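Letter by letter, the chains look like this.
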Amino acid sequence: MKVAYVLSQNKGGLPHYAAELANAVAERAEVVVFKPAETSADEVFSERVETVDAFDSMNISIPDMYNLDFDVRNNLRGLLSYRNLKRLQEFDPDVVHDPTDFFPQVKFFTKRYGLDERYPFVVTYHEVPPSITTLSSPLSAFEELLNTLIPDAATDHVIVHSDQQRAAFAKRLGESTAIEVIPHATYEFFTDYDYEQRPEEAHTLLFFGNIFPGKGLDVLAEAVRLASDELPNLTLVIAGDGPLSSETERLIDTADEGRFEVHNYFVPNERVGELFSRAALVALPYRSTHGDGTKGHSGALSTAHSFGKPVVATRTGDFPAQVEATGAGVVVPEEDPAALAEAIVALLTDDERRAAMAEESRRQGERLSWATIAERHMAVYEDAIASFHGRERVIETPTVE
(Lines give C-alpha, C1' and ligand atoms only; values in the text may rest on other atoms or scores of the structure.)
Protein backbone atom coordinates (compact mmCIF):
# COMPACT_ATOMS: atom_id res chain seq x y z
CA MET A 1 0.00 0.00 0.00
CA LYS A 2 1.20 3.53 -0.82
CA VAL A 3 0.16 6.14 1.78
CA ALA A 4 0.58 9.89 1.27
CA TYR A 5 0.40 12.17 4.30
CA VAL A 6 -0.27 15.90 4.14
CA LEU A 7 1.34 17.84 7.00
CA SER A 8 0.06 21.41 7.05
CA GLN A 9 1.71 22.86 10.17
CA ASN A 10 5.38 23.64 10.69
CA LYS A 11 5.57 23.73 14.49
CA GLY A 12 3.77 22.55 17.60
CA GLY A 13 2.40 19.11 18.32
CA LEU A 14 0.87 18.36 14.91
CA PRO A 15 4.21 17.83 13.10
CA HIS A 16 5.26 15.47 15.89
CA TYR A 17 2.02 13.55 15.55
CA ALA A 18 2.36 13.25 11.77
CA ALA A 19 6.00 12.15 12.02
CA GLU A 20 5.33 9.45 14.60
CA LEU A 21 2.37 8.13 12.61
CA ALA A 22 4.30 8.12 9.32
CA ASN A 23 7.24 6.31 10.94
CA ALA A 24 5.00 3.59 12.36
CA VAL A 25 3.00 3.08 9.16
CA ALA A 26 6.24 3.02 7.13
CA GLU A 27 6.99 -0.32 8.81
CA ARG A 28 3.95 -1.71 6.96
CA ALA A 29 3.55 0.41 3.81
CA GLU A 30 5.28 2.77 1.40
CA VAL A 31 4.98 6.27 2.87
CA VAL A 32 5.54 9.82 1.64
CA VAL A 33 4.92 12.99 3.63
CA PHE A 34 4.20 16.31 1.88
CA LYS A 35 5.20 18.96 4.38
CA PRO A 36 6.47 22.53 4.88
CA ALA A 37 10.15 23.05 4.10
CA GLU A 38 11.00 23.32 7.81
CA THR A 39 9.08 21.78 10.70
CA SER A 40 9.71 21.10 14.37
CA ALA A 41 9.65 17.36 13.60
CA ASP A 42 12.10 17.17 10.66
CA GLU A 43 14.64 15.22 12.70
CA VAL A 44 11.94 12.81 13.91
CA PHE A 45 11.12 11.24 10.53
CA SER A 46 12.70 7.83 10.03
CA GLU A 47 14.77 6.82 6.99
CA ARG A 48 11.86 4.69 5.79
CA VAL A 49 9.73 7.82 5.25
CA GLU A 50 10.09 9.82 2.06
CA THR A 51 9.55 13.52 2.77
CA VAL A 52 8.74 16.16 0.18
CA ASP A 53 9.31 19.81 1.11
CA ALA A 54 6.23 20.95 -0.79
CA PHE A 55 5.02 23.98 1.18
CA ASP A 56 6.37 27.23 2.58
CA SER A 57 6.30 27.75 6.34
CA MET A 58 3.72 30.00 7.99
CA ASN A 59 3.23 31.50 11.43
CA ILE A 60 -0.39 30.50 12.06
CA SER A 61 -0.04 28.20 15.06
CA ILE A 62 -2.29 28.69 18.10
CA PRO A 63 0.41 30.65 20.00
CA ASP A 64 0.97 32.80 16.90
CA MET A 65 -2.74 33.61 16.78
CA TYR A 66 -2.94 34.57 20.44
CA ASN A 67 0.30 36.53 20.24
CA LEU A 68 -0.98 38.29 17.09
CA ASP A 69 2.39 37.36 15.61
CA PHE A 70 1.64 37.49 11.89
CA ASP A 71 3.74 38.15 8.83
CA VAL A 72 0.96 38.69 6.31
CA ARG A 73 3.15 38.36 3.23
CA ASN A 74 4.81 35.24 4.53
CA ASN A 75 1.47 33.66 5.38
CA LEU A 76 -0.06 34.52 2.00
CA ARG A 77 2.96 33.02 0.27
CA GLY A 78 2.64 29.97 2.50
CA LEU A 79 -1.07 29.55 1.76
CA LEU A 80 -0.49 29.77 -1.99
CA SER A 81 2.30 27.19 -1.78
CA TYR A 82 -0.35 24.56 -1.09
CA ARG A 83 -0.90 24.58 -4.84
CA ASN A 84 1.85 21.99 -4.66
CA LEU A 85 -0.71 19.50 -3.41
CA LYS A 86 -1.11 18.61 -7.09
CA ARG A 87 2.26 16.86 -6.76
CA LEU A 88 0.44 14.08 -4.94
CA GLN A 89 -0.26 12.73 -8.41
CA GLU A 90 3.47 12.11 -8.91
CA PHE A 91 3.40 9.66 -6.01
CA ASP A 92 0.02 8.20 -7.09
CA PRO A 93 -0.95 6.97 -3.61
CA ASP A 94 -3.49 4.32 -2.75
CA VAL A 95 -4.79 6.60 0.01
CA VAL A 96 -4.22 10.21 1.16
CA HIS A 97 -4.34 11.10 4.85
CA ASP A 98 -4.25 14.55 6.40
CA PRO A 99 -3.53 13.83 10.10
CA THR A 100 -3.42 17.53 10.98
CA ASP A 101 -7.02 18.79 11.10
CA PHE A 102 -7.60 19.56 7.38
CA PHE A 103 -6.90 23.28 7.49
CA PRO A 104 -8.66 25.56 4.95
CA GLN A 105 -5.72 25.81 2.53
CA VAL A 106 -5.49 22.01 2.30
CA LYS A 107 -9.23 21.70 1.83
CA PHE A 108 -9.28 24.40 -0.87
CA PHE A 109 -6.52 22.94 -3.04
CA THR A 110 -7.79 19.42 -2.49
CA LYS A 111 -11.03 20.56 -4.11
CA ARG A 112 -9.23 22.77 -6.65
CA TYR A 113 -7.37 19.81 -8.11
CA GLY A 114 -10.06 17.20 -7.53
CA LEU A 115 -7.75 15.13 -5.34
CA ASP A 116 -10.63 13.89 -3.22
CA GLU A 117 -12.18 12.46 -6.40
CA ARG A 118 -8.96 10.80 -7.49
CA TYR A 119 -7.85 9.19 -4.23
CA PRO A 120 -9.39 7.79 -1.05
CA PHE A 121 -9.18 10.60 1.52
CA VAL A 122 -8.80 10.27 5.30
CA VAL A 123 -8.70 13.17 7.79
CA THR A 124 -7.76 13.18 11.49
CA TYR A 125 -9.38 15.86 13.63
CA HIS A 126 -7.71 16.34 17.00
CA GLU A 127 -10.57 18.60 18.05
CA VAL A 128 -14.04 18.90 16.57
CA PRO A 129 -14.19 22.30 14.84
CA PRO A 130 -16.68 24.48 16.76
CA SER A 131 -19.32 26.59 15.11
CA ILE A 132 -18.48 30.22 14.29
CA THR A 133 -20.94 31.52 16.88
CA THR A 134 -19.09 29.78 19.75
CA LEU A 135 -15.65 31.13 18.89
CA SER A 136 -14.20 33.92 21.01
CA SER A 137 -11.11 34.50 18.84
CA PRO A 138 -11.71 36.53 15.65
CA LEU A 139 -8.88 34.66 13.96
CA SER A 140 -10.37 31.27 14.80
CA ALA A 141 -13.76 32.52 13.61
CA PHE A 142 -12.17 33.63 10.31
CA GLU A 143 -10.62 30.19 9.86
CA GLU A 144 -13.94 28.47 10.47
CA LEU A 145 -15.66 30.92 8.10
CA LEU A 146 -13.21 29.88 5.39
CA ASN A 147 -13.98 26.25 6.12
CA THR A 148 -17.68 27.02 5.72
CA LEU A 149 -17.21 28.85 2.41
CA ILE A 150 -14.93 26.23 0.83
CA PRO A 151 -16.91 23.33 -0.65
CA ASP A 152 -16.64 20.14 1.39
CA ALA A 153 -14.17 17.58 0.14
CA ALA A 154 -15.27 13.99 -0.29
CA THR A 155 -13.83 12.30 2.81
CA ASP A 156 -13.94 8.52 3.00
CA HIS A 157 -13.01 8.30 6.67
CA VAL A 158 -12.67 10.67 9.62
CA ILE A 159 -10.49 9.78 12.60
CA VAL A 160 -11.03 11.30 16.06
CA HIS A 161 -9.61 10.44 19.47
CA SER A 162 -12.67 9.90 21.67
CA ASP A 163 -16.25 8.62 21.66
CA GLN A 164 -17.42 12.10 22.64
CA GLN A 165 -15.79 13.54 19.55
CA ARG A 166 -17.37 10.89 17.36
CA ALA A 167 -20.82 11.76 18.71
CA ALA A 168 -20.19 15.48 18.17
CA PHE A 169 -18.91 14.91 14.64
CA ALA A 170 -21.75 12.57 13.72
CA LYS A 171 -24.21 15.42 14.28
CA ARG A 172 -22.30 17.55 11.78
CA LEU A 173 -21.50 14.95 9.14
CA GLY A 174 -24.57 12.74 9.19
CA GLU A 175 -24.34 9.13 8.06
CA SER A 176 -22.34 9.63 4.85
CA THR A 177 -18.82 9.60 6.38
CA ALA A 178 -17.36 6.79 8.48
CA ILE A 179 -15.94 8.02 11.80
CA GLU A 180 -13.33 5.95 13.61
CA VAL A 181 -12.10 6.50 17.17
CA ILE A 182 -8.33 5.94 17.44
CA PRO A 183 -6.62 7.21 20.61
CA HIS A 184 -3.69 9.60 20.47
CA ALA A 185 -0.60 7.40 20.69
CA THR A 186 2.32 8.03 23.02
CA TYR A 187 5.03 10.44 21.93
CA GLU A 188 7.86 7.92 22.12
CA PHE A 189 10.51 9.88 20.26
CA PHE A 190 11.14 12.35 23.12
CA THR A 191 12.70 9.52 25.15
CA ASP A 192 15.18 8.75 22.36
CA TYR A 193 17.11 12.01 22.75
CA ASP A 194 20.33 12.12 24.72
CA TYR A 195 18.81 14.57 27.18
CA GLU A 196 20.05 15.52 30.63
CA GLN A 197 18.13 13.20 32.93
CA ARG A 198 17.62 15.00 36.20
CA PRO A 199 16.61 13.48 39.56
CA GLU A 200 12.88 13.72 40.21
CA GLU A 201 12.10 16.70 42.41
CA ALA A 202 9.50 15.74 45.01
CA HIS A 203 7.54 19.02 44.95
CA THR A 204 7.92 19.96 41.26
CA LEU A 205 4.80 20.22 39.12
CA LEU A 206 5.01 20.54 35.32
CA PHE A 207 2.74 22.32 32.86
CA PHE A 208 3.89 21.54 29.30
CA GLY A 209 2.58 22.59 25.89
CA ASN A 210 1.16 25.54 23.99
CA ILE A 211 -0.28 28.29 26.19
CA PHE A 212 -3.69 29.78 25.42
CA PRO A 213 -6.84 30.39 27.49
CA GLY A 214 -8.28 26.91 26.93
CA LYS A 215 -5.31 25.34 28.71
CA GLY A 216 -6.38 26.86 32.06
CA LEU A 217 -2.92 27.94 33.17
CA ASP A 218 -4.43 30.81 35.16
CA VAL A 219 -6.46 28.29 37.19
CA LEU A 220 -3.35 26.20 37.79
CA ALA A 221 -1.35 29.23 38.92
CA GLU A 222 -4.03 30.05 41.51
CA ALA A 223 -4.10 26.41 42.61
CA VAL A 224 -0.33 26.52 43.14
CA ARG A 225 -0.75 29.65 45.28
CA LEU A 226 -3.31 27.83 47.43
CA ALA A 227 -1.30 24.60 47.61
CA SER A 228 1.87 26.41 48.68
CA ASP A 229 0.39 26.95 52.15
CA GLU A 230 0.84 23.20 52.75
CA LEU A 231 3.75 22.69 50.35
CA PRO A 232 6.15 25.59 50.93
CA ASN A 233 8.71 24.04 48.54
CA LEU A 234 6.21 23.62 45.68
CA THR A 235 7.49 24.72 42.26
CA LEU A 236 5.45 24.95 39.06
CA VAL A 237 7.52 24.63 35.89
CA ILE A 238 5.72 26.28 32.96
CA ALA A 239 7.15 25.19 29.61
CA GLY A 240 5.51 26.23 26.36
CA ASP A 241 4.88 28.89 23.77
CA GLY A 242 2.04 31.40 24.01
CA PRO A 243 1.03 34.50 25.97
CA LEU A 244 0.61 34.34 29.73
CA SER A 245 -2.62 35.94 30.90
CA SER A 246 -2.44 39.07 33.05
CA GLU A 247 -3.75 37.08 36.03
CA THR A 248 -1.10 34.40 35.58
CA GLU A 249 1.61 37.05 35.33
CA ARG A 250 0.31 38.73 38.49
CA LEU A 251 0.42 35.47 40.44
CA ILE A 252 3.96 34.78 39.21
CA ASP A 253 5.16 38.31 40.05
CA THR A 254 3.73 38.25 43.57
CA ALA A 255 4.81 34.69 44.45
CA ASP A 256 7.77 33.68 46.58
CA GLU A 257 11.02 33.27 44.72
CA GLY A 258 11.27 29.82 43.13
CA ARG A 259 7.52 29.18 43.18
CA PHE A 260 7.28 29.50 39.38
CA GLU A 261 9.91 28.57 36.80
CA VAL A 262 8.87 29.87 33.38
CA HIS A 263 10.16 28.73 29.97
CA ASN A 264 7.84 30.77 27.77
CA TYR A 265 8.91 29.51 24.34
CA PHE A 266 8.59 26.46 22.12
CA VAL A 267 10.67 23.89 23.96
CA PRO A 268 13.23 22.15 21.69
CA ASN A 269 12.68 18.41 21.35
CA GLU A 270 15.99 17.59 23.04
CA ARG A 271 15.04 19.50 26.21
CA VAL A 272 11.65 17.89 26.79
CA GLY A 273 13.08 14.85 28.57
CA GLU A 274 14.97 17.01 31.04
CA LEU A 275 11.79 18.83 32.09
CA PHE A 276 9.75 15.64 32.48
CA SER A 277 12.52 13.84 34.37
CA ARG A 278 12.41 16.57 37.04
CA ALA A 279 8.63 16.54 37.49
CA ALA A 280 6.91 14.55 40.21
CA LEU A 281 3.51 15.37 38.71
CA VAL A 282 2.17 16.69 35.37
CA ALA A 283 -0.79 19.10 35.39
CA LEU A 284 -3.40 19.41 32.63
CA PRO A 285 -5.85 22.06 33.91
CA TYR A 286 -7.74 22.37 30.62
CA ARG A 287 -11.16 23.97 30.31
CA SER A 288 -14.00 23.11 27.93
CA THR A 289 -13.91 26.00 25.51
CA HIS A 290 -16.48 24.93 22.91
CA GLY A 291 -18.43 22.16 24.57
CA ASP A 292 -17.08 19.02 26.18
CA GLY A 293 -17.36 16.92 23.03
CA THR A 294 -14.78 18.84 21.04
CA LYS A 295 -11.68 17.94 23.07
CA GLY A 296 -10.25 14.54 22.32
CA HIS A 297 -6.85 14.02 23.82
CA SER A 298 -3.62 15.83 24.59
CA GLY A 299 -0.07 15.63 23.31
CA ALA A 300 1.11 16.67 26.77
CA LEU A 301 -0.71 13.67 28.26
CA SER A 302 0.87 11.39 25.66
CA THR A 303 4.28 12.75 26.60
CA ALA A 304 3.58 12.21 30.31
CA HIS A 305 2.78 8.56 29.52
CA SER A 306 6.03 8.15 27.61
CA PHE A 307 8.00 9.27 30.68
CA GLY A 308 5.78 7.36 33.12
CA LYS A 309 4.55 10.44 34.98
CA PRO A 310 1.36 10.65 37.05
CA VAL A 311 -1.15 13.28 36.00
CA VAL A 312 -3.66 15.63 37.57
CA ALA A 313 -6.19 16.85 35.00
CA THR A 314 -9.59 18.47 34.79
CA ARG A 315 -12.76 16.57 34.03
CA THR A 316 -12.88 17.61 30.37
CA GLY A 317 -12.95 15.71 27.11
CA ASP A 318 -11.48 12.23 27.38
CA PHE A 319 -9.39 12.87 30.50
CA PRO A 320 -11.71 10.89 32.83
CA ALA A 321 -11.20 7.81 30.64
CA GLN A 322 -7.53 8.35 29.83
CA VAL A 323 -6.36 9.50 33.27
CA GLU A 324 -8.76 8.48 36.04
CA ALA A 325 -10.13 5.21 34.66
CA THR A 326 -6.64 3.93 33.80
CA GLY A 327 -5.24 4.78 37.23
CA ALA A 328 -2.63 7.10 35.69
CA GLY A 329 -3.79 10.06 37.80
CA VAL A 330 -6.78 11.96 39.09
CA VAL A 331 -9.26 14.38 37.56
CA VAL A 332 -10.94 17.34 39.23
CA PRO A 333 -13.68 19.77 38.16
CA GLU A 334 -12.53 22.42 35.72
CA GLU A 335 -12.30 26.08 36.74
CA ASP A 336 -11.90 24.99 40.39
CA PRO A 337 -8.47 26.03 41.73
CA ALA A 338 -9.31 24.85 45.27
CA ALA A 339 -10.09 21.30 44.07
CA LEU A 340 -6.98 21.32 41.89
CA ALA A 341 -4.84 22.52 44.80
CA GLU A 342 -6.25 19.79 47.04
CA ALA A 343 -5.38 17.13 44.46
CA ILE A 344 -1.86 18.50 43.98
CA VAL A 345 -1.20 18.42 47.73
CA ALA A 346 -2.69 14.94 48.09
CA LEU A 347 -0.51 13.46 45.36
CA LEU A 348 2.73 15.26 46.17
CA THR A 349 2.50 14.15 49.81
CA ASP A 350 1.73 10.50 49.05
CA ASP A 351 4.79 8.90 47.45
CA GLU A 352 3.27 5.39 47.35
CA ARG A 353 0.10 6.49 45.58
CA ARG A 354 2.04 8.66 43.15
CA ALA A 355 4.42 5.79 42.34
CA ALA A 356 1.47 3.50 41.58
CA MET A 357 -0.01 6.11 39.26
CA ALA A 358 3.35 6.59 37.56
CA GLU A 359 3.47 2.87 36.80
CA GLU A 360 -0.06 2.95 35.37
CA SER A 361 0.89 5.97 33.27
CA ARG A 362 3.83 4.02 31.86
CA ARG A 363 1.56 1.04 31.11
CA GLN A 364 -0.94 3.32 29.39
CA GLY A 365 1.92 4.51 27.22
CA GLU A 366 2.68 0.92 26.25
CA ARG A 367 -0.98 0.25 25.43
CA LEU A 368 -1.00 3.32 23.20
CA SER A 369 2.23 2.51 21.36
CA TRP A 370 2.56 3.70 17.78
CA ALA A 371 2.94 0.10 16.61
CA THR A 372 -0.56 -0.66 17.92
CA ILE A 373 -2.04 2.59 16.62
CA ALA A 374 -0.47 2.09 13.18
CA GLU A 375 -2.25 -1.26 12.80
CA ARG A 376 -5.57 0.47 13.41
CA HIS A 377 -4.73 3.12 10.82
CA MET A 378 -3.92 0.45 8.25
CA ALA A 379 -7.39 -1.04 8.79
CA VAL A 380 -8.93 2.42 8.28
CA TYR A 381 -6.97 2.87 5.04
CA GLU A 382 -8.24 -0.44 3.70
CA ASP A 383 -11.81 0.55 4.56
CA ALA A 384 -11.32 3.98 2.96
CA ILE A 385 -10.05 2.41 -0.25
CA ALA A 386 -13.07 0.12 -0.36
CA SER A 387 -15.39 3.05 0.34
CA PHE A 388 -13.72 5.14 -2.36
CA HIS A 389 -14.23 2.49 -5.01
CA GLY A 390 -17.84 2.19 -3.95
CA ARG A 391 -18.82 5.84 -4.25
CA GLU A 392 -19.99 7.57 -7.42
CA ARG A 393 -17.69 10.33 -8.60
CA VAL A 394 -16.90 12.48 -11.59
CA ILE A 395 -13.19 12.94 -12.25
CA GLU A 396 -12.18 16.09 -14.03
CA THR A 397 -8.70 16.77 -15.29
CA PRO A 398 -7.21 19.32 -12.86
CA THR A 399 -5.95 22.61 -14.18
CA VAL A 400 -2.20 22.80 -13.65
CA GLU A 401 -1.00 26.33 -13.08
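See above for the structure.
Cut-offs used in this document
- Sequence order sets the numbering: in each chain, residues are counted from 1 along the sequence as written.
- In keeping with the model being predicted, local features are shown solely for residues with a pLDDT of at least 70 and side-chain atom pairs are shown and tallied solely at 80 or more, while totals for entire chains, interfaces and linings include all residues.
- Computation of side-chain values: all heavy atoms of the structure, hydrogens and water removed.
- Strands qualify as paired when DSSP identifies two bridges or more between them.
- In this text, helices come from DSSP runs of H or I with a minimum length of four residues, and strands from runs of E with a minimum of two, each type numbered from the N-terminal end.
- Here an angle of 0 to 180 degrees is reported between the N-to-C directions of two axes, which are lines fitted to C-alpha atoms, with helices fitted over the stretch in contact.
- In this description, contact between two residues means that some pair of their heavy atoms is separated by no more than 4.5 Å.

Colleague: Give me the lowdown on the sheet that holds strand β11 (residues 281-284), citing residues and values where you can.
Modeller: Pairing is parallel across the open sheet formed by six strands, whose spatial order is β10-β9-β8-β11-β12-β13. Each end of this open sheet is capped by a strand with a single partner; those strands are β10 (260-263) and β13 (329-332). Each strand axis lies, on average, 20 degrees off the axis of its neighbour in the sheet, ignoring direction. In this structure, strand β12 (residues 311-314) lies alongside β13, joined through four bridges in parallel fashion. Bridging across to β13, A313 finds its partner in V331. Contacts between helix α11 (residues 269-278) and the sheet are confined to β8 (204-208), β9 (235-239), β10 and β11, with β8 contributing the most and set at about 145 degrees to the helix.

Colleague: So what's going on with the sheet that holds strand β5 (residues 121-124)? Which residues, and what values?
Modeller: The pairing of strands in a sheet happens through backbone hydrogen bonds and is either parallel or antiparallel. Spatially, the seven strands line up as an open sheet ordered β3-β2-β1-β4-β5-β6-β7, and their pairing is parallel. The open sheet has two free edges, formed respectively by β3 (50-55) and β7 (178-181), since each of these has just one partner strand. The sheet shows a mean angle of 20 degrees between the axes of neighbouring strands, direction not considered. Note: strand β1 (residues 2-6) against strand β2 (residues 30-36), five bridges, orientation parallel. Each residue of the ladder has a partner; that of V6, found in β2, is F34. Sheet strands touched by helix α16 (residues 370-390): β1, β4 (95-98), β5, β6 (157-160) and β7. Its angle to β6, the strand with the most contacts, is close to 160 degrees.

Colleague: Explain the environment of G299 to me, using residue names and the numbers behind them.
Modeller: Mapped onto the fold, G299 is located in helix α12 (residues 299-306). Measuring from C-alpha to C-alpha, the distance between G299 and H16 comes to 9.1 Å, with 283 residues separating the pair along the chain. Discounting residues that sit within four places of it in the chain, G299 has contacts with H184 and Y187.

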